[in-house]
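As a plain string of letters, each chain reads:
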Amino acid sequence: MKYTILLLISIISTGFLYAQEPSIIQSKVFEDEHKTTLLFAEETVNDKIVVVRNFLSRYSRPLGYYVETYDKNLELISRGVIEVDKSDLQKMYLRDGKIVLIDFRYLRKEKSYAFYAITSPIDNISFSETKLLEVDRSRIDKYDHFGIRKEPEYNIHDSFSFGSVVVSENKQYVGVNLFVKEEKSNLLEMSIFNVDFKNLHSHTLNVTNEDSSRSIPVSISKFHEVEIDDQGNAFVLTKSYKKVFGRERKNDLPDYSYKLIKASPVGKADIRLELEEKFVAHMSLAIKNDQIFCVGLYAEDTSNSFNLTGKTGIIRYDLDAKSFEIINSSTTKFSSDLMEDIAPKNRDVGGKIINAITGRDSMDKAGVYGYIPRDLTVLSNNDIVIELEQFFITIGDRNMSFSCFYGDIILLRLGSDGALTMARGIKKSTATSDWDEVPLNSFAGLHRPDEHHLFFNAKSEEQLDAGRVEYVDNDDLARIYHTIITKDGIKSTNAIFNSYIRNWNFEFHFAKQLNNNTLLVETSKNGFPQLFKIILE
């Protein structure tokens, strides 16, 4: 059964008239199912939706995946089931009327690991598979994380990071990247496949140390990002240490740089991105319209541990994918509007700034602290939108207990010329020690050329100084907030789906943007899963 509901709007605090009322379409409640979470979703050219959800008995015991197609009204058309048997779906995309799933699995008889492409017609789900590559188990660290989600919350030690699977924007190429053991180092083996899953080109790359004789742990995978352009060329952005792996500074200067590697059927090339004496913990990589974007936050002082050092601006490099040359670079300090938005809840306690999330008292300099990148979106005009969130995990009782803390949100927008055109923050403080509540935290973003929409759960608003508001922890997670930020930085937040609906929990952490107007989000109604489309008119 389909329902269409007009969300009730209550004005909280606005800088402009809140006139857009999102509507909702909901699927039936799947009352005979296991606990599920939304993993992948993509819209077809004829408004169908392909969805992959993992189902589980508990988060440490995944059982398999539902592969489903829905019509535009979220009526289920067809479903296939893939069981977890030492296997792990790494990617889903649509091409030429087919669903393509990239599966990583352990082959017991062969004592090896392999990647498979599993395909199915969209209109009639039935699976066939093609082996892409196979590697002996002695060449990679043991992988025993099958079916478990890859978000930091479920991978708290980062010990299962082994590589990545990436797809070109035109869906004509898929790349498989795997860290393998060598005598002196761990190398990144990269293979690019075409539409027929034939190997177009393969390369072995040393991606982290300028001195290849040094031994490097496999966990270096967190220092690299890979993308593929529409011609099948692969680009690897990596943090490259000059002498000692992991050493961030020497003589008060960065002891590393970032290196962009291009791998194509005709060979390899690389270009170094110098940091202008700025400390950049992480850079993100994106490709659109034959243009490469490398973006990161920088700090000018790392006297504290880096995550507790104030990031004061953003650094950006644009490169031409064909000529592989830098065409623009910029560094921009954050605006006073942003610093005011995210100023600590208690600005001055005993002469020191106190951070509302961590409670630390060492943050007595300007900057943003403890933020991790959630997403990077390149708009149609080549403006870049970056989502950041304060996030950290505490672990206790010999890894038997945990707490996930989700703090303030930052939204940044960079113009096509590299200028920082918008930077705003949302004060937020939520936490959970329950695996079932992890999907309900964090937030979801939907980005348009003229405005940006953020959705998140919270219990209530707490009034701070200077008219600021913080959205605080949830008991029943029944209230949903919708923030609109224009391209000029005008911000408005409103409560929607008010607390009279107490048996729906929206899992915004895993929501998927289907198009410029629509988010797909899974909910839990009385413990049973259900899909919702949130549509902006």
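Keep in mind the model is a prediction, meaning the values are calculated, not measured. (Residues numbered from 1 in each chain as written. Predicted model: local features only at pLDDT ≥ 70, side-chain atom pairs only at ≥ 80, totals over all residues. Heavy atoms only, no water.)

**Q** For this particular structure, what's the right way to read the overall build of the chain?
**A** Of the regular secondary structure elements, the chain holds 1 helix and 42 strands. Put simply, the chain has 537 residues, and 56% of those count as buried. Contacts in the chain between residues far apart in sequence, at least 24 positions, make up 55% of those at least 6 positions apart. Entry remark: accessible area of the chain is about 22400 Å², with carbon and sulfur atoms responsible for 45%. (Helix = DSSP H or I, 4+ residues; strand = E, 2+ residues; numbered from the N terminus. Buried < 20%, exposed > 50% of the residue type's maximum accessible area, 1.4 Å probe, protein only. Contact = heavy atoms within 4.5 Å. Areas by Shrake-Rupley, 256 points an atom, 1.4 Å probe, with all protein chains shown as cover.)

**Q** I keep staring at the pattern of salt bridges and nothing clicks. Help me out?
**A** Any two side chains of opposite charge can pair, given that their charged atoms come close. Inspection of the entire model under this criterion finds 24 salt bridges. A salt bridge links Arg-105 to Asp-103, with the shortest nitrogen-to-oxygen separation between them at 2.8 Å. By relative accessible area, which is 3% here, Asp-103 ends up buried. One salt bridge connects Lys-322 with Asp-290, and the closest N-O pair in it is separated by 3.7 Å. One end of the pair, Lys-322, is in the loop between strand E24 (313-320) and strand E25 (325-333); the other, Asp-290, is in the loop between strand E22 (283-288) and strand E23 (291-298), and 32 residues separate them in sequence. Within the structure, one salt-bridge network assembled from shared partners comprises Arg-53, Glu-68, Arg-79 and Glu-522. (Salt bridge = Lys/Arg side-chain N within 4 Å of Asp/Glu carboxyl O.)

**Q** Got a minute to help me understand the packing of aromatic side chains in this structure?
**A** Describing an aromatic ring pair means giving the distance of the ring centres and the angle of the ring planes. Applying the stated criterion across every chain, the model contains 16 aromatic pairs. Centre to centre, the rings of Tyr-256 and Tyr-258 are 6.2 Å apart; their planes meet at 85 degrees, and the pair counts as edge-to-face. Across the pair, exposure class does not vary: Tyr-256 and Tyr-258 are buried alike. By the ring-pair criterion, three or more aromatic residues cluster together here, those being Phe-104, Tyr-106, Tyr-113, Phe-115 and Phe-146. Just above the ring of Phe-30 sits the side chain of Arg-79; from NZ or CZ to the centre is 5.5 Å. Arg-149 extends its terminal NZ or CZ atom over the ring of Phe-510, reaching a point 3.6 Å from the ring centre. (Phe/Tyr/Trp six-rings, centres within 6.5 Å; stacked < 30°, edge-to-face > 60°. Lys NZ or Arg CZ within 6 Å of the ring centre and 35° of its normal.)

**Q** I tried to follow the sheet that holds strand E9 (residues 98-107) on my own but got confused; where do I start?
**A** Here 4 strands make up an open sheet; going across it, the order is E8-E9-E10-E11 and the pairing antiparallel. Pairing within the sheet leaves two strands with one partner each, and these edge strands are strand E8 (87-95) and strand E11 (128-136). With direction set aside, neighbouring strand axes in the sheet form an average angle of 20 degrees. Examined bridge by bridge, E8 and E9 share 8 bridges and lie antiparallel to one another. When the sheet's bridge partners are listed, Lys-91 is paired in E9 with Ile-102. (Pairing = 2+ DSSP bridges. Axes fitted to C-alpha atoms, helices over the stretch in contact; angles between N-to-C directions.)

**Q** Would you mind going over the sheet that holds strand E20 (residues 256-264) with me for this structure?
**A** Strand pairing within a sheet occurs via backbone hydrogen bonds; the two strands may be parallel or antiparallel. Spatial strand order, E16-E17-E20-E21: 4 strands in an open sheet with antiparallel pairing. Edge positions in the open sheet fall to strand E16 (224-228) and strand E21 (267-273), since each of these has one partner strand only. Here the average twist between neighbouring strands, direction ignored, is 20 degrees.

**Q** How should the side chain of Thr-483 be read in this particular structure?
**A** With respect to the secondary-structure elements, Thr-483 resides in strand E37 (residues 479-486). Residues within four places of Thr-483 in sequence aside, it is in contact with Ile-426, His-452, His-453, Leu-454, Phe-456, Lys-491, Ser-492 and Thr-493.

**Q** Can you walk me through the pairing of E21 in this structure?
**A** Both faces of the sheet carry side chains from a regular strand, because those side chains alternate between them. As judged from the 7 bridges shared by E20 and E21, these two strands associate in the antiparallel manner. In the sheet register, Ile-261 faces E21, and the bridge partner there is Asp-270. Hairpin connection of E20 to E21: 2 residues between the antiparallel strands.

**Q** Would you mind showing me how to read the environment of Asn-177 here?
**A** The residue Asn-177 is located in strand E13 (residues 174-181) in this model. By relative accessible area, which is 0% here, Asn-177 ends up buried. The contact partners of Asn-177, leaving out residues within four places of it in the chain, are Phe-162, Gly-163, Ser-164, Val-166, Leu-188, Glu-189, Met-190 and Val-226.

**Q** Would you explain the pairing of strand E12 (residues 163-167) in this entry?
**A** The pairing of E12 with E13 spans 5 bridges and is antiparallel. What sits directly across from Val-165, in E13, is Val-176. In this structure, the hairpin formed by E12 and E13 is closed by a connection of 6 residues, where Lys-171 is found at a positive phi of approximately 65 degrees.

**Q** I keep staring at the nonpolar core and nothing clicks. Help me out?
**A** As a rule of thumb, soluble globular proteins bury nonpolar side chains together. Within the largest apolar cluster, 24 residues are counted, with the highest numbers of intra-cluster contacts made by Ile-102, Phe-104, Tyr-113, Phe-115 and Leu-132. Of all the secondary structure elements, the ones that give two or more residues to this core are E9, strand E10 (112-121), E11, E12, E13 and strand E14 (186-193). Setting aside anything within four residues of it in sequence, one finds Ile-102 in contact with Asp-88, Leu-89, Gln-90, Lys-91, Tyr-93, Phe-115, Tyr-116, Ala-117, Leu-132, Val-165 and Val-174. One finds Leu-260, Phe-279, Leu-285 and Ala-321 within the second-largest nonpolar core, a separate group that totals 22 residues. (Core = buried A, V, L, I, M, F, W, Y, C linked by side-chain atoms within 4.5 Å.)

**Q** Please explain unusual backbone geometry as it appears in this structure.
**A** What is expected of a backbone is that most residues other than glycine have negative phi and most peptide bonds are trans. Backbone geometry at Lys-111 places phi at a positive 55 degrees, although glycine is not the residue there. For Lys-111, the location among the structural elements is in the loop between E9 and E10. Phi is positive for Asn-289, close to 55 degrees, though the residue is something other than glycine. Take Asn-289: it is sitting in the loop between E22 and E23.

**Q** So what exactly am I meant to see when it comes to the environment of Val-295 here?
**A** Tracing the backbone through its elements, the reader meets Val-295 in strand E23. Residues Val-295 and Ile-384, 89 residues apart in the sequence, show an inter-C-alpha distance of 9.1 Å. Here Val-295 is in contact with His-282, Met-283, Ser-284, Ile-314, Ile-315, Arg-316, Leu-376, Ile-384, Ile-386 and Leu-414, once residues within four sequence places are set aside.

**Q** Looking at this model, I keep getting lost on the side chain of Asp-341. Mind explaining?
**A** Here Asp-341 is to be found in helix H1 (residues 336-341). At 2.5 Å, the side chain of Asp-341 forms a polar contact with the side chain of Arg-424. Within the local environment of Asp-341, its side chain forms a polar contact with the backbone nitrogen of Gly-425, the two atoms lying 2.9 Å apart. Not counting chain neighbours up to four residues away, the residues in contact with Asp-341 comprise Arg-424, Gly-425, Lys-427, Arg-468 and Lys-491. (Polar contact = N/O pair within 3.5 Å; in protein donor to acceptor, adjacent residues only side chain to side chain.)

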